[in-house]
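A look at the structure
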Amino acid sequence: MNTSANFNRSDNYWCTSDSATIAAAFYDSYDNVIYGLVTYMPIDTSQCYLVTGVSTLDDHTLSFSIFPNPTADYLMVTLSAMSSPSEIKIFNMLGELVYTAGVISEKTTIDISNLLSGAYIVQVETKDKISRQKLIMQ
């Protein structure tokens with residue numbers, strides 16, 4: 001985005017049904033208020049199967065939630081189930097690792113008051129699963 005106009009990108013073939021992954025690909029008003037918003041819902045993954053011949057269902061994702069989002073000082077990460085040791089990583093929009101820690105319980109509170117305002121990617125991974133969500137720091 002390099003304009004304040006809004007864009008409608010709904011019904012595109014994102015080849016993923018993970019809205020956080022799609023949203024992380026946009027730099028829009030959620031990242032900088034001078035830009036417009038990108039609308040990408042509904043998500044169409046039906047054509048991806050036809051193009052690649054591989055189902056878009058992925059059993060290698062890990063379900064987790066983050067709260068509050070946006071935030072200014074702390075982040076609560078809740079995993080749906082602890083099946084194996086996990087790790088939380090936070091990346092800035094340049095892909096630089098700004099935080100990492102091991103997870104020993106299903107609910108983990110993280111002090112992120114030292115992070116600058118902006119957008120980040122929270123990644124939770126276990127031995128065989130990985131998932132990401134977008135985080136907004138105020």
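Because the structure is predicted, anything quoted here is derived from the model rather than measured.

1. Comments concerning the pattern of salt bridges
Using the criterion set out here, one finds two salt bridges in the structure. Linked by salt bridges that have partners in common, Glu87, Lys89 and Glu125 make up one network.

2. A short note on the confidence of the model for the protein
Taken over all residues, the pLDDT of the protein has a mean of 76, while the share at 70 or more is 73%. Segment residues 49-59: pLDDT under 50, and nine contacts once partners within four positions in sequence are set aside and those in other chains are kept.

3. Remarks on the environment of Ala25
Mapped onto the elements, Ala25 comes out in the loop between helix H1 (19-24) and strand E2 (38-39). Sequence-wise, Ala25 and Met93 are 68 residues apart; in three dimensions their C-alpha atoms are separated by 9.6 Å.

4. Observations regarding the side chain of Thr108
In this fold, Thr108 is placed in strand E7 (residues 107-111). The residues contacting Thr108, other than those within four sequence positions of it, are Leu75, Met76, Val77, Ile88 and Val103.

5. Here we look at the nonpolar core
Val77, Ile112 and Val122 are the most contacted members of the largest nonpolar core, which totals 16 residues. Elements with a contribution of two residues or more to this core: strand E3 (64-67), strand E4 (74-79), strand E5 (86-92), strand E8 (118-125) and strand E9 (130-137). When near neighbours in sequence (up to four residues on either side) are disregarded, Val122 contacts Phe64, Ile66, Leu75, Ile88, Lys89, Ile90, Ser131, Arg132, Gln133 and Leu135.

The rules we used
- Residues numbered from 1 in each chain as written.
- Predicted model: local features only at pLDDT ≥ 70, side-chain atom pairs only at ≥ 80, totals over all residues.
- Heavy atoms only, no water.
- Salt bridge = Lys/Arg side-chain N within 4 Å of Asp/Glu carboxyl O.
- pLDDT = per-residue confidence, 0-100.
- Contact = heavy atoms within 4.5 Å.
- Helix = DSSP H or I, 4+ residues; strand = E, 2+ residues; numbered from the N terminus.
- Core = buried A, V, L, I, M, F, W, Y, C linked by side-chain atoms within 4.5 Å.
- Buried < 20%, exposed > 50% of the residue type's maximum accessible area, 1.4 Å probe, protein only.

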